[in-house]
Amino acid sequence: MKRQLLFVQGGGAGTHDEWDDKLVASLRRELGPAFEIRYPRMPNEDDPKYSAWKAALEKELAALGDGAILVGHSLGATILLNALAESTPPRQLGAIFLIAAPFVGEGGWPSEDLKPPPDLGARLPRGVPIHIYHGLEDETAPPSHAALYARAIPQAQVHLLPHRDHQLNNDLREIAAAIIKAQEGRP
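Please read all numbers here as calculations on a predicted model, not as lab measurements. (Residues numbered from 1 in each chain as written. Predicted model: local features only at pLDDT ≥ 70, side-chain atom pairs only at ≥ 80, totals over all residues. Heavy atoms only, no water.)

Mapped onto the secondary structure, His73 falls in strand 3 (residues 68-73). What makes His73 buried here is its relative accessible area of 1%. In this structure the side chain of His73 is engaged in a polar contact, spanning 3.5 Å, whose partner is the side chain of Gln167. (Helix = DSSP H or I, 4+ residues; strand = E, 2+ residues; numbered from the N terminus. Buried < 20%, exposed > 50% of the residue type's maximum accessible area, 1.4 Å probe, protein only. Polar contact = N/O pair within 3.5 Å; in protein donor to acceptor, adjacent residues only side chain to side chain.)

Counted according to the given criterion, the structure contains three aromatic pairs. Here Phe103 and Tyr149 contribute two aromatic rings whose centre-to-centre distance is 5.0 Å and whose plane-to-plane angle is 80 degrees, an arrangement assigned as edge-to-face. Taken together, the residues Phe103 in the loop between strand 4 (93-99) and helix 5 (120-123) and Tyr149 in helix 6 (residues 144-152) connect sequence positions 46 residues apart. You'll find Phe103 and Tyr149 in the same group, each marked buried. (Phe/Tyr/Trp six-rings, centres within 6.5 Å; stacked < 30°, edge-to-face > 60°.)

With 13 residues, helix 3 (residues 50-62) extends 18 Å from end C-alpha to end C-alpha; this agrees with the ideal 18 Å at 1.5 Å per step. Those residues of helix 3 that sit buried are Tyr50, Trp53, Lys54, Leu57 and Leu61. End-on view of helix 3: buried residues confined to an arc of 100 degrees, all on one side of the axis. Opposite its buried face, helix 3 presents the exposed residues Ser51 and Lys59, each directed more than 90 degrees away. Those residues of helix 3 that are buried lie in contact with strand 1 (3-8), strand 3 and helix 4 (75-86). (Expected span 1.5 Å × (residues − 1). Arc of directions from axis to C-beta. Contact = heavy atoms within 4.5 Å.)

Turning to its location among the elements, His163 is positioned in the loop between strand 6 (157-161) and helix 7 (173-183). The sequence separation of His163 and Asp138 amounts to 25 residues, and the corresponding C-alpha distance is 8.8 Å. Contacts of His163, omitting those with residues within four sequence positions, involve Glu137 and Asn169.

Keep in mind that these numbers describe shape and distance, not what the molecule does.
Right under this line is the structure:
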């Protein structure tokens, strides 16, 4: 039986087909045929709204089995985290991976649409490993946002990657290795 992975794209015009598809291709190469990677197009990617993306994520999460891995990139990672903090997923998750996630809140980006809770880390699914990956050459979401997430989600492991940009240079080999490690020992 294939392992399930849900990849949540970032926001912006053309992101699904021209940017994040390269991240998904990297994961497919690195993970191989043992993983089923779901890569849904999020609604209105050029002008993302939290409520619409949260509704789409809830449908996607409901279709997953226990042990599924969640991977979010950029604004998709930020929205994914906040959606998970607002409502418990219907299944036990295997792990959560956030790539170049902009932090919304004090010290990060302002938002009228997204209001993260002050106790974000405490509201996330218990016992689920959370990994935050951020390139040190990211000019879209500053690397300092990883430190803001580390404070907000103390149980998260933060991985800062030198010489990597917002797309991690379209190379997710470290994340794929961590996903494989997270899946070891699972039935």
